[in-house]
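Results of the structural survey
Take a look at the letters that make up each chain.
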There are 2 protein chains.
Amino acid sequence: MKKVALGPRTLLYPMPAFLIGADIAGRPNFMTAAWSGIACSSPPMLTVALQHHRYTLKGIKENGVFSVNVPSADLVKEADYCGIVSGEREDKVAVCKFEVFYGSLKTAPMIAQCPVNLECEVMHMLDLGSHELVVGQIEEVHVSEDCLTDGEPDLLKINPLIYCTGAEKTYHAFGEKLAQAFSVGMEIKKAKP
Amino acid sequence: MKKVALGPRTLLYPMPAFLIGADIAGRPNFMTAAWSGIACSSPPMLTVALQHHRYTLKGIKENGVFSVNVPSADLVKEADYCGIVSGEREDKVAVCKFEVFYGSLKTAPMIAQCPVNLECEVMHMLDLGSHELVVGQIEEVHVSEDCLTDGEPDLLKINPLIYCTGAEKTYHAFGEKLAQAFSVGMEIKKAKP
């Protein structure tokens with residue numbers, strides 16, 4: 001297996017395309033972020049990295065809370081738009097026709113059209129260079145009722161968006177189910193000599 | 001859009017299924033991690049969250065370096081296996097028949113069969129509760145030569161694995177391309193009144 005060294009770069013698969021929400025001066029704004037992931041199970045936490053100049057970061061610092069909204073594939077235009085323009089110059093909520101709602105944290109705006117919404121409280125902020133790494137504790141999770149099956153989130157109904165870097169920067173849908181997790185690996189465990 | 005509150009939990013789409021590599025007492029080991037994401041662009045950094053008792057974490061602390069290996073869909077059994085068993089009891093490299101190679105950091109073992117391999121140096125460690133959040137600087141990226149097109153990583157050739165939580169815990173392949181990023185959103189920008 002011949003390898004080629006490409007130099008240091010942010011190359012991982014898959015990446016998300018989350019819509020990060022914050023109130024700035026009392027008005028909701030959302031920006032797209034692919035630099036994000038889960039950071040802890042108990043208590044549940046996640047990270048999101050934002051450039052220092054981001055308008056959304058101003059709101060996160062103002063209120064100490066933010067939201068993470070998972071767009072479905074049919075929101076691909078809106079998700080891309082919110083990564084291109086700044087809320088300092090455009091009212092993205094109006095342009096995208098987002099229906100905004102608030103939960104228990106009161107000042108973390110969420111997008112009703114996104115099937116999954118997480119309310120987060122800031123726990124840590126780390127200045128890493130070009131980006132500020134925000135570590136947030138997940139205080140509540142909201143899921144659209146029509147995306148649940150027997151009360152649990154259903155991937156096929158959620159139909160989440162995937163972001164992808166490489167030769168091209170593209171959005172993709174989820175593909176075929178390959179296997180059950182914490183299960184298919186047992187075949188190797190059983191097969192070993 | 002009626003919403004249902006599910007309580008605080010680690011629900012995000014998509015999630016990765018990375019194989020995190022470290023040498024422990026001079027021997028390579030790999031564990032599966034879905035709690036991971038990019039943390040900074042310049043310098044390029046990522047996070048990975050590991051439970052305190054993890055054997056791999058011992059190696060990361062020992063050497064101050066680790067690797068992130070992106071498995072392709074055809075490594076789904078191996079990826080799942082490396083999340084089920086501990087390297088303290090089993091030689092996962094032998095069982096999975098991983099071909100291990102080292103790069104510029106010398107003590108961050110990588111899996112040749114994985115199409116994308118990142119060598120990382122530990123920059124920060126944050127104890128968040130159940131998990132230790134490791135922030136690593138990406139020092140080098142290796143890609144299998146047969147996964148490049150015109151010198152750039154090609155998604156179709158890489159064919160990465162996606163992890164998914166919810167009603168079921170499953171692995172998926174990438175699906176259809178929906179749109180070009182930093183482009184499709186311009187249609188909204190143009191269309192607004």
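My aim in this report is to walk through the structure given alongside it, one point at a time. (Residues numbered from 1 in each chain as written. Chains lettered and ligands numbered in written order. Predicted model: local features only at pLDDT ≥ 70, side-chain atom pairs only at ≥ 80, totals over all residues. Heavy atoms only, no water.)

Focus on the overall build of chain A
Across its full length, chain A carries 5 helices and 14 strands. Along the first, second and third principal axes, the C-alpha set of chain A runs to 65 × 45 × 35 Å. Relative to its 193 residues, chain A shows a buried fraction of 63%. The long-range fraction of contacts in chain A, counting pairs at least 24 apart against all pairs at least 6 apart in sequence, stands at 59%. (Helix = DSSP H or I, 4+ residues; strand = E, 2+ residues; numbered from the N terminus. Buried < 20%, exposed > 50% of the residue type's maximum accessible area, 1.4 Å probe, protein only. Contact = heavy atoms within 4.5 Å.)

Let's talk about the relation of the copies chain A and chain B
After a rotation of 180° and a shift along the axis of 0.0 Å, chain A superposes on chain B with an RMSD of 0.0 Å. Accordingly, the operation relating the two chain copies is best matched by a two-fold axis. Across chain A, the smallest distance between a C-alpha and the rotation axis is recorded for Gly175 of chain A, namely 1.8 Å. Taken together, the interface assignments show that 100% of the residues at the interface of chain A recur at the interface of chain B, consistent with an identical surface on both copies. (Least-squares fit on C-alpha atoms with pLDDT ≥ 70 in both.)

Examining the interface of chain A and chain B
In this assembly, 105 residues from chain A lie in contact with 105 residues from chain B. Taking both sides of the interface into account, the surface hidden between chain A and chain B amounts to around 9300 Å²; carbon and sulfur atoms contribute 68%. Ranking the residues of chain A by area buried against chain B places Lys3, Tyr13 and Ile38 of chain A at the top, with a combined share of 8%. Among the ionic pairs, Lys177 of chain A bridges to Glu168 of chain B, the shortest N-O distance being 3.4 Å. Along the contact surface separating chain A from chain B lie 53 residue pairs in polar contact (both at pLDDT 80 or more). Ranked by residues supplied to the side of chain A that touches chain B, first place goes to strand S14 (residues 170–180) of chain A with 11 residues. (Buried area = accessible area lost by both parts, 1.4 Å probe. Salt bridge = Lys/Arg side-chain N within 4 Å of Asp/Glu carboxyl O. Polar contact = N/O pair within 3.5 Å; in protein donor to acceptor, adjacent residues only side chain to side chain.)

Examining the pairing of strand S2 (residues 18–24) of chain B
Residues and elements named next belong to chain B. For S2, the tally of buried residues reaches 7 of 7 residues, placing the bulk of the element in the interior. Neither face of S2 is open: one carries Phe18, Ile20, Ala22 and Ile24, the other Leu19, Gly21 and Asp23, and all of them are buried. By the bridge criterion, 7 bridges tie S2 to strand S3 (residues 27–33) in an arrangement that is antiparallel. By the bridge assignment, Ile24 is partnered in S3 with Arg27. Hairpin connection from S2 to S3: 2 residues lie between these consecutive antiparallel strands, with Ala25 at a positive phi of about 50°. (Pairing = 2+ DSSP bridges.)

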